[in-house]
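Residues per chain, in single letters:
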Amino acid sequence: MGSLDCLLMGFKICLQLENILFCFIGVCLGNLVGVLPGIGPLTTISLLLPMTFHFSPVTAVIMLAGIYYGAQYGGTITSVLVNIPGEPSSIVTCLDGYQMALKGRAGAALGIAAFGSFIAGTVSIFGLMFLVLPLSSVALSFQAPEYTALILMGFSLLIYIASGSKLKAVISIFIGIILSCGGIDPLSGRTRFDYGLMVLKDGVNMVPLAIGLFGVSEILENLEKSKSYTVIKANLRSLLPSLKDWAASKWAILRGTLIGFLFGIIPGGGSIVSSFLSYTVEKKFSKYPERFGTGVIEGVAGPESANNSACSGSFIPLFALGIPPNVVMALVMGALIIHGIIPGPLTIKEHPEIFWGTVASMYIGNVMLLILNIPLIAIWVRILRVPYRILFPLILLFCLIGTYSINNQTDDLIVMTVFGVVGYLGRKLEFEMAPLILAFVLGPIFEQSLRQSLVISDGSFSIFMTRPISAGLIFISIFLLFVNLSKRFIRSRRTKLEKD
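Summarised in this report is the structure supplied together with it. If you're wondering where the values come from, they're calculated on a predicted model, not measured in any experiment. (Residues numbered from 1 in each chain as written. Predicted model: local features only at pLDDT ≥ 70, side-chain atom pairs only at ≥ 80, totals over all residues. Heavy atoms only, no water.)

**Overview of the overall build of the protein**
What counts is decided by this rule: Working definition: helices are DSSP H or I runs of at least four residues, strands are E runs of at least two. Numbering for both runs from the N terminus. Each residue is placed in one exposure class: buried if its accessible area under a 1.4 Å probe, protein chains only, is under 20% of its type's maximum, exposed if it is over 50%, and partly exposed if it falls in between. For this analysis, residues touch if any pair of their heavy atoms sits within 4.5 Å. Methods summary: accessible areas were calculated by the Shrake-Rupley approach with a probe of 1.4 Å, and residue burial reflects only the protein chains presented.
Along its length, the protein carries 22 helices and two strands. The 500 residues of the protein split such that 55% are buried. Of the contacts formed within the protein by residues at least 6 apart in sequence, a portion of 79% connects residues at least 24 apart. Of the roughly 21900 Å² of accessible surface on the protein, 68% is carried by carbon and sulfur atoms.

As structure tokens, this is what we get:
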């Protein structure tokens, strides 16, 4: 069956009443949580993960994907009108988007962001369709040593791009791996790391862990802040960009699409890295780089295209290799595993309805967002004025219901509460939670592939260096760690010389 026939099959699946309804719910929720600063798709997907257990796998992934790329659209609105990024990937949009709003051009900024996001999302879906199948074929030649080396490279990339302390990123990864080892040993069948507690007999459940780390900790942190937003009263009637705006933005949109797609594929990359890189590239290519930050439309078009393109690109390693490139994809992978589907090279062959249904839903979801995004701006702006003290009890209620509904056990609520406090303390101590949850999801795959490799080689680690692909991936990991250590050494030397 060719790609076109498969895509038509995907549209047939996606256009079923249940799937089209949850695609609509997903993109609307994504748009809303993108608007509300401090919530975002990560927290939302964590909260809604238990609900997806009652859906079919394809319906669950369609809704979660809609939340993910829908949030990228919504994050633009607060960046432009309030100068507060609803999403981390929209931080860079504040630089020129808000300045455009101050000049009375909020409509043009929001319009080019919506159209740029739609173009980038559509183009990147084509890339997803045509790249994931060849990559899956290559991945079939991967064995345990290659998977071990690939996950090691992913961990190295997480450390490399960590925004804070590299040591704290390493600690987060180790904690995530240790947490993933609890419960039943997959090879010996023995129980480990349960410490005599019934709640840990089957290991730590992903849902209360994710809801605690991202949902409860977010509530605790936001309660410390008195949130009040000043929304610009801008003229939003002229939302269609002018021909001059299109001429200035066309190459920014194309470059942003390419950058976002490529960095969405790379483990640890994603929409945040791609949006910042796109802004930097546009500044380099511009004839007037000194005007960036004063309200140039390229500074909105490029990053907004990049972060939407990255969303589609991030599905490629998930479906082709079974490796989530970012924490949102880790949660999507967790949802599939709970449904008994292990993402990997054979997923598209064994479950074509999930992959092609999701791809088709992205086409439809992007059209929905383009139609809905602009008319709903006025409603989203009103929601921004709702005090957080009213919102947080509702969010906490969702956390409790979602966690309890998994197994109907109060033990899960205890786990959620504990990790909520852990997540809150981690934020206060500037630990990143994303590496922890990614390591937790990848931990079982890493452990199993590592142990299988050592069984094959009679305990010799040389197996990783005698196979070309695994050796190449390990050299990349070592290189990234060397670069990190070099930067730290140079920085400490410079600080010492300045003191002397």
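**Side note on the environment of Leu321**
Here Leu321 is to be found in helix H13 (residues 315-321). Separated by 186 residues in sequence, Leu321 and Leu135 have C-alpha atoms that sit 7.9 Å apart.

**As for the packing of helix H4 (residues 57-81) against helix H16 (residues 352-373)**
A pair of packed helices can be characterised by two numbers: the angle between their axes and the separation between those axes. Condition: Angular values range over 0 to 180 degrees, each being the angle between N-to-C directions of two axes fitted as lines to C-alpha atoms, with helices fitted over their stretch in contact. A clockwise turn of the near helix away from the far one marks a right-handed crossing, whereas an anticlockwise turn of less than a right angle marks a left-handed crossing.
Axis separation between H4 and H16 bottoms out at 9 Å; the angle between their running directions is 30 degrees. The two elements H4 and H16 meet at a crossing, and its hand is right-handed. Residue-level inspection shows Pro57, Val58, Val61, Ile62, Ala65, Tyr69, Gly70, Tyr73 and Ile77 of H4 in contact with H16, the latter providing Glu353, Ile354, Gly357, Thr358, Ser361, Met362, Gly365, Asn366, Leu369, Leu370 and Asn373.

**What about the packing of helix H9 (residues 206-223) against helix H19 (residues 410-428)?**
Threshold: An angle below 35 degrees is treated as roughly parallel, one above 145 as roughly antiparallel, one from 65 to 115 as roughly perpendicular, and anything else as oblique.
At a closest axis distance of 7 Å, the pairing of H9 and H19 adopts a crossing angle of 55 degrees. Taken together, the axes of H9 and H19 lie oblique to each other. Here the hand of the crossing between H9 and H19 comes out right-handed. For the pair formed by H9 and H19, the contact residues are Pro208, Leu209, Ile211, Gly212, Leu213, Phe214, Val216, Ser217, Glu218, Leu220 and Glu221 on the first element and Asp412, Val415, Met416, Phe419, Gly420, Gly423, Tyr424 and Arg427 on the second.

**Section: the pattern of salt bridges**
The criterion, for reference: Each reported salt bridge corresponds to a side-chain nitrogen of Lys or Arg within 4 Å of a carboxyl oxygen of Asp or Glu.
Summed over the entire model, instances satisfying the criterion amount to five salt bridges. Here Glu447 makes a salt bridge to Arg192, at a shortest N to O gap of 2.8 Å. With a gap of 255 residues between them, Glu447 in helix H20 (residues 434-456) and Arg192 in strand S2 (residues 191-192) connect regions that are remote in the sequence. Residue Glu447 is classed as buried on the basis of its relative accessible area of 13%. A residue is classified by how much of its surface remains accessible, and Arg192, at 17% relative accessible area, is buried. Here Arg255 ties to Glu282 by a salt bridge, and the two come within 2.9 Å at their closest N and O atoms. Taken together, the residues Arg255 in helix H10 (residues 243-265) and Glu282 in helix H11 (residues 270-285) connect sequence positions 27 residues apart. On the basis of relative accessibility, which here comes to 23%, the residue Arg255 falls in the partly exposed class.

**Digging into empty space enclosed by the protein**
Defined as follows: Detection works on a 1 Å grid of protein atoms alone, calling trapped sets that fit a 1.4 Å probe cavities and calling open sets with protein on both sides within 12 Å along at least five of seven lines pockets, with lining residues defined by an atom within 4 Å of a point. Grid points are joined across faces, edges and corners, and a volume is the space filled by probe spheres set on the points.
Counted according to the given criterion, the structure contains two cavities of 30 Å³ or more. By volume, the second largest cavity amounts to about 30 Å³. Tyr73, Thr76, Leu110, Ala113, Ala114, Ser117, Glu304 and Asn373 are the residues that line the second largest cavity. Sorting the residues of the lining of the second largest cavity by element identifies H4 and helix H6 (106-139) as the ones contributing at least two each. Of the residues forming the lining of the second largest cavity, the biggest block, four residues, is contributed by H6.

**Points about the nonpolar core**
To be explicit about the condition: For this analysis, a nonpolar core means a set of buried residues of the types Ala, Val, Leu, Ile, Met, Phe, Trp, Tyr and Cys, connected via side-chain atoms within 4.5 Å.
By size, the foremost hydrophobic cluster in this structure holds 102 residues, and its most contacted members are Phe155 and Val359. Filtering out sequence-adjacent residues up to four positions away, Phe155 remains in contact with Ile173, Ile177, Ala439, Leu442 and Phe446. Formed by 17 residues, the second largest nonpolar core is a distinct cluster that contains Val35, Leu81, Ala109 and Ile297.

**Brief notes about a nonpolar patch on the surface**
What counts, and what does not: Exposure above 30% relative accessible area and no salt bridge define the residues that can form patches, which grow by joining like charges within 9 Å and nonpolar side chains of Val, Leu, Ile, Met, Phe, Trp and Tyr within 5 Å.
A surface patch of nonpolar side chains, about 310 Å² in accessible area, is lined by Leu220, Leu223, Val421 and Leu425. Those elements giving two or more residues to the nonpolar patch turn out to be H9 and H19. Of note, Leu425 is situated in helix H19. Leu425 gets classed as partly exposed once you look at its relative accessible area, which sits at 46%.

**A closer look at helix H2 (residues 17-35)**
Put simply, the rule reads: What a helix should span is 1.5 Å times the count of its residues minus one.
With 19 residues, H2 extends 27 Å from end C-alpha to end C-alpha; this agrees with the ideal 27 Å at 1.5 Å per step. All of the buried residues in H2 are Asn19, Phe22, Cys23, Gly26, Val27, Cys28, Gly30, Asn31, Val33, Gly34 and Val35.

**Focus: a positive patch on the surface**
Which entries qualify depends on this criterion: Counted as positive: Lys and Arg. Counted as negative: Asp and Glu, with His and the chain ends omitted from the count. Charge positions are represented by NZ for Lys, CZ for Arg, CG for Asp and CD for Glu.
On the surface, Lys487, Arg488, Arg491 and Arg494 cluster together to form a positively charged patch. Here Lys487 is to be found in helix H22 (residues 468-499). For Lys487, a relative accessible area of 42% puts it in the partly exposed group.

**Overview of the side chain of Thr93**
As a reminder of what qualifies: The term polar contact refers here to a pair of N or O atoms within 3.5 Å; inside protein, the definition further demands a hydrogen-donor-capable atom paired with an acceptor-capable atom, and it admits residues adjacent in sequence only when both atoms are side-chain atoms.
Assignment of secondary structure puts Thr93 in helix H5 (residues 93-102). Its relative accessible area of 0% is what places Thr93 among the buried residues. In this structure the side chain of Thr93 is engaged in a polar contact, spanning 2.5 Å, whose partner is the side chain of Glu304. Other than its neighbours up to four places away in sequence, Thr93 contacts Thr76, Ser79, Val80, Tyr98, Val300, Pro303 and Glu304.

**Examining the packing of aromatic side chains**
Put simply, the test is: Each aromatic pair joins two rings of Phe, Tyr and Trp (for Trp, the six-membered one) with centres within 6.5 Å, and gets the label stacked for planes under 30 degrees apart, edge-to-face for over 60, and tilted for any other angle.
Scanning all chains against the criterion turns up ten aromatic pairs. With a centroid separation of 5.8 Å and an interplanar angle of 35 degrees, the aromatic rings of Phe11 and Tyr363 are classed as tilted. With Phe11 in helix H1 (residues 3-14) and Tyr363 in helix H16, this residue pair connects regions lying 352 residues apart in the sequence. For Tyr363, a relative accessible area of 12% gives the class buried. Members of the aromatic cluster, connected to one another through ring pairs, are Phe315, Phe319, Phe355 and Trp356.

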